[in-house]
Amino acid sequence: MALPILTVNDIAEDGISLACELGADELALGPDDARLPGQVSLSVELVKVESSVYVTGQLCGVLVEECVRCLREFEEVIRLPFSVEYRESESLSRQPAKHSTRERRGALAGESAVGEEDVYPLSGSRVELGEMLREQILLARAVHPVCREDCQGLCPVCGQDLNERRCGCAERGRETPFAVLQKRRDGPHGKI
Ligand SMILES: [Zn+2]
Ligand SMILES: [Zn+2]
């Protein structure tokens, strides 16, 4: 099931919950935003409180990232819980109607904006989940993804993937005249 278009009137007094599978196109994710090899599953609950709609749920799926150290692609399982509020645009008048992800990143980095960045406008009476979910994915992506914590990366001299084998460049770089001398002193005849 694709992402449903919900209006405030669709939400029952005791809330509604729904689950669906979404592809990159439904989340308006471009290839530069995030790469989804398959679909992500969404489970979400919507509750109306006065003029607000509170949306809590979880997005689960797999993202393809490129390791910043070894440049290999790897799959990362994501499990993103979220909790946001949709509010009538009038009560958001002090906020920009739509804030870009970049601005939200800035707000998250600052200390003042607690919680307010998770408020989205109700457009008409529609609860637009797509843009919010897209932002959840973008915010969750690592700035410097690594395939694993101890990834050795590529040799800066010869480009060898050091996870596969050592190339010896680093060792050769350390072969200073003093190190050679040290090796000779500790040689087969023992220390001088
Ligand atoms: Zn790596
Ligand atoms: Zn090397």
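Above this text is the structure in question.
Treat the numbers as computed from the prediction; the structure is a model and nothing was measured.

The rules we used
- Residues numbered from 1 in each chain as written.
- Chains lettered and ligands numbered in written order.
- Predicted model: local features only at pLDDT ≥ 70, side-chain atom pairs only at ≥ 80, totals over all residues.
- Heavy atoms only, no water.
- Core = buried A, V, L, I, M, F, W, Y, C linked by side-chain atoms within 4.5 Å.
- Buried < 20%, exposed > 50% of the residue type's maximum accessible area, 1.4 Å probe, protein only.
- Helix = DSSP H or I, 4+ residues; strand = E, 2+ residues; numbered from the N terminus.
- Contact = heavy atoms within 4.5 Å.
- Donors = N, O, S within 2.8 Å, 3.2 Å for Na, K, Ca; no water.
- Tetrahedral: all angles 85-135°; square planar, octahedral: opposite > 155°, others 65-115°.
- Pairing = 2+ DSSP bridges.
- Axes fitted to C-alpha atoms, helices over the stretch in contact; angles between N-to-C directions.

*Asks:* Can you explain the nonpolar core? Please cite residues and give values.
*Replies:* Judged by nonpolar contacts, the single largest core of 31 residues is most densely connected at Leu46, Val53, Val55, Tyr86, Val127, Met132 and Leu133. Listed by contribution, the elements that provide at least two residues to this core are strand E2 (16-22), strand E3 (40-49), strand E4 (52-66), strand E5 (73-88), strand E6 (119-122) and helix H2 (129-140). Leaving out residues up to four positions away in the same chain, Val55 has contacts with Val44, Glu45, Leu46, Phe82, Ser83, Val84, Tyr86, Val127, Leu129 and Met132.

*Asks:* Run through the coordination of the zinc ion (ligand 2), naming residues and quoting values.
*Replies:* A four-donor tetrahedral metal ideally has 109.5 degree angles, and a six-donor octahedral metal ideally has angles of 90 or 180 degrees. Those protein atoms acting as donors to the zinc ion (ligand 2) are Cys155 (SG), Cys158 (SG), Cys167 (SG) and Cys169 (SG), and they sit at 2.2 to 2.3 Å. One can describe the site at the zinc ion (ligand 2) as tetrahedral: its 4 donor atoms subtend angles covering 104 to 113° at the metal. Mapping the donors of the zinc ion (ligand 2) onto the primary sequence yields the spacing C-x2-C-x8-C-x1-C. Of the two residues, Cys155 is situated in the loop between H2 and helix H3 (169-173) and Cys169 in helix H3; the sequence distance between them amounts to 14 residues.

*Asks:* Requested: an account of the sheet that holds E4, with residues and values cited.
*Replies:* Read across the sheet, 5 strands follow the order E2-E3-E4-E5-E6 without closing on themselves; strand pairing throughout is mixed. For this open sheet the edge positions go to E2 and E6, each flanked by a neighbour on one side alone. Strand-to-strand, the axes of this sheet are offset by a mean angle of 30°, without reference to chain direction. Relative to E5, E4 runs antiparallel, the two sharing 14 bridges.

Geometry only, nothing functional implied.
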